[in-house]
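Read off the chains here:
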Amino acid sequence: MQKKTEDILKKHGYKRTSIIQVMTDIQAEYNYLPRENLEYVGRRLKVPLSKIYSVATFYAAFSLKPRGKHLITVCSGTACFVRGVDNVLQRIEDRLGIKSGDTTPDNMFTLETVNCLGACALAPIIVVDGEYHGQTTVQKVDTILDKYQQETPAETVH
Ligand code: FES
């Protein structure tokens, strides 16, 4: 039995209509949706796994791949591109040794790009754990990453 997943199901009354809340809680626990947990939910709620996966892929907030402790989102929309976000992205990729869409081996960072964060006036913009950093430069990236990289590596969560 998966104790944590079972607790989450119990909290939501084992209701199929609460599946999104169940998945949200699982993601909050693991930072992504592990396949074995989704299989467990499917068995317990008698919902086909294919249906659970279609929910997981429909909502951008859900991730089926492991995510790091910190999520870095880089805007690659037009305004940010024009103002040099590609240099910023390159710097982040070089420092972390990963490409957009990947997670560092120590599980500290996940890097992703999006089309427009809706704050074009602040271009180029990156978001770290929900915190917006506008008019980002390569130097600013160094300052931001220096701060986060002083932390001890995240434990691997499974
Ligand atoms: S293009 Fe980057 S915030 Fe709009």
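Residues numbered from 1 in each chain as written. Predicted model: local features only at pLDDT ≥ 70, side-chain atom pairs only at ≥ 80, totals over all residues.

(A) Local environment of the overall build of the protein chain. Helix and strand content of the protein chain: seven helices and four strands. Based on the C-alpha atoms only, the size of the protein chain along its principal axes is roughly 50 × 35 × 20 Å. Split into buried and exposed, the 158 residues of the protein chain put 22% on the buried side. Across the protein chain, contacts joining residues at least 24 apart in sequence account for 61% of those joining residues at least 6 apart. (Helix = DSSP H or I, 4+ residues; strand = E, 2+ residues; numbered from the N terminus. Buried ≥ 20, exposed ≤ 12 C-beta atoms within 10 Å, placed from the backbone. Contact = placed C-beta atoms within 7 Å.)

(B) Fine view of helix 3 (residues 35-45). For helix 3, the complete set of buried residues consists of Asn 37, Leu 38 and Val 41. For helix 3, the angular spread of buried residues about the axis comes to 100°, placing them on one side. The exposed residues of helix 3 that point more than 90 degrees off its buried face are Arg 35, Glu 36 and Arg 43. The secondary structure elements touched by the buried residues of helix 3 are helix 1 (3-11), helix 2 (19-30) and helix 4 (49-58). Lys 46 lies just past helix 3 and shows a positive phi near 55°. (Arc of directions from axis to C-beta.)

(C) Representation of the environment of Asp 7 in the model. Relative to the helices and strands, Asp 7 is located in helix 1. The class for Asp 7 is exposed, based on 12 C-beta atoms found within 10 Å. With 15 residues separating them in the primary sequence, Asp 7 and Val 22 have C-alpha atoms 9.9 Å apart.

(D) Spatial organisation of the confidence of the model for the protein chain. The pLDDT averaged across the protein chain works out to 92; a share of 96% of its residues lies at or above 70. Per-element averaging of pLDDT across the protein chain places helix 7 (residues 138-149) at the bottom with 93 and helix 6 (residues 85-96) at the top with 97. (pLDDT = per-residue confidence, 0-100.)

(E) Fine view of the sheet that holds strand 2 (residues 109-114). Sheet architecture is open: four strands sit in the order 2-1-3-4, paired in mixed fashion. If you trace the sheet from one side to the other, it starts and ends with strand 2 and strand 4 (131-133), each paired once. On average, each strand axis in the sheet is inclined to that of its neighbour by 20°, with strand direction left out of account. In this structure, strand 1 (residues 70-75) lies alongside strand 2, joined through six bridges in parallel fashion. (Pairing = 2+ DSSP bridges. Axes fitted to C-alpha atoms, helices over the stretch in contact; angles between N-to-C directions.)

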